[in-house]
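If you want the building blocks of each chain, they are given just below.
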Amino acid sequence: MDGILKRALDNKQKLELIYIANEGNISQRVIRVVSIKEGTILAYCYTRKTVRSFKLANFLSVHPYMEGKGVING
C-alpha cells in the first residue's frame, strides 16, 4: 500500500479509498494525497471537498481511481 500512496503523491494521481471511520462507518472516497506521515496521510477528499487526515490503520482498500466508476457513498 505504501508504494501506491507514494506514487500517487509523486504523480498527483487520484485514488479510490475504502475507509472505516473511528465510529465504525465505512465509506468510499476519492482522494489526492497531499502528504504522508507515519500512520496517517493528509489528502484532498473529492467527496467532502476539503483536505482531510486519514489513519492508515483504517484503510480497507486503496487503488488508482478509474474515471467514470462513481463513488458508492461518502
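Just above sits the structure.
Notes on the structure follow. None of the values given here were measured: they were computed from a predicted structure.

**As for a nonpolar patch on the surface**
Move 1: Residues Val34, Leu42 and Val51 make up a contiguous nonpolar surface patch of roughly 210 Å² in combined accessible area.
Move 2: Inspection of the secondary structure puts Val34 in strand 2 (residues 26-37).
Move 3: Residue classification places Val34 among the partly exposed residues on the basis of a relative accessible area of 38%.

**A short note on the packing of aromatic side chains**
Move 1: Tallying each qualifying case throughout the model produces 3 aromatic pairs.
Move 2: Here Tyr19 and Phe54 contribute two aromatic rings whose centre-to-centre distance is 5.1 Å and whose plane-to-plane angle is 85 degrees, an arrangement assigned as edge-to-face. Taken together, the positions of Tyr19 in strand 1 (residues 14-20) and Phe54 in strand 4 (residues 50-55) put the pair 35 residues apart, joining distant regions of the chain.
Move 3: Looking at Phe54, the relative accessible area reads 2%, which means it is buried.
Move 4: Aromatic pair Tyr44 and Tyr46: ring centres 4.8 Å apart, planes at 80 degrees, arrangement edge-to-face.
Move 5: Within the aromatic cluster, the residues linked to one another by ring pairs are Tyr19, Phe54 and Phe59.

Here is what the cut-offs are and how they apply
- Residues numbered from 1 in each chain as written.
- Predicted model: local features only at pLDDT ≥ 70, side-chain atom pairs only at ≥ 80, totals over all residues.
- Heavy atoms only, no water.
- Patch = residues over 30% accessible without salt bridge, like charges linked within 9 Å, V, L, I, M, F, W, Y side chains within 5 Å.
- Areas by Shrake-Rupley, 256 points an atom, 1.4 Å probe, with all protein chains shown as cover.
- Salt bridge = Lys/Arg side-chain N within 4 Å of Asp/Glu carboxyl O.
- Helix = DSSP H or I, 4+ residues; strand = E, 2+ residues; numbered from the N terminus.
- Buried < 20%, exposed > 50% of the residue type's maximum accessible area, 1.4 Å probe, protein only.
- Phe/Tyr/Trp six-rings, centres within 6.5 Å; stacked < 30°, edge-to-face > 60°.

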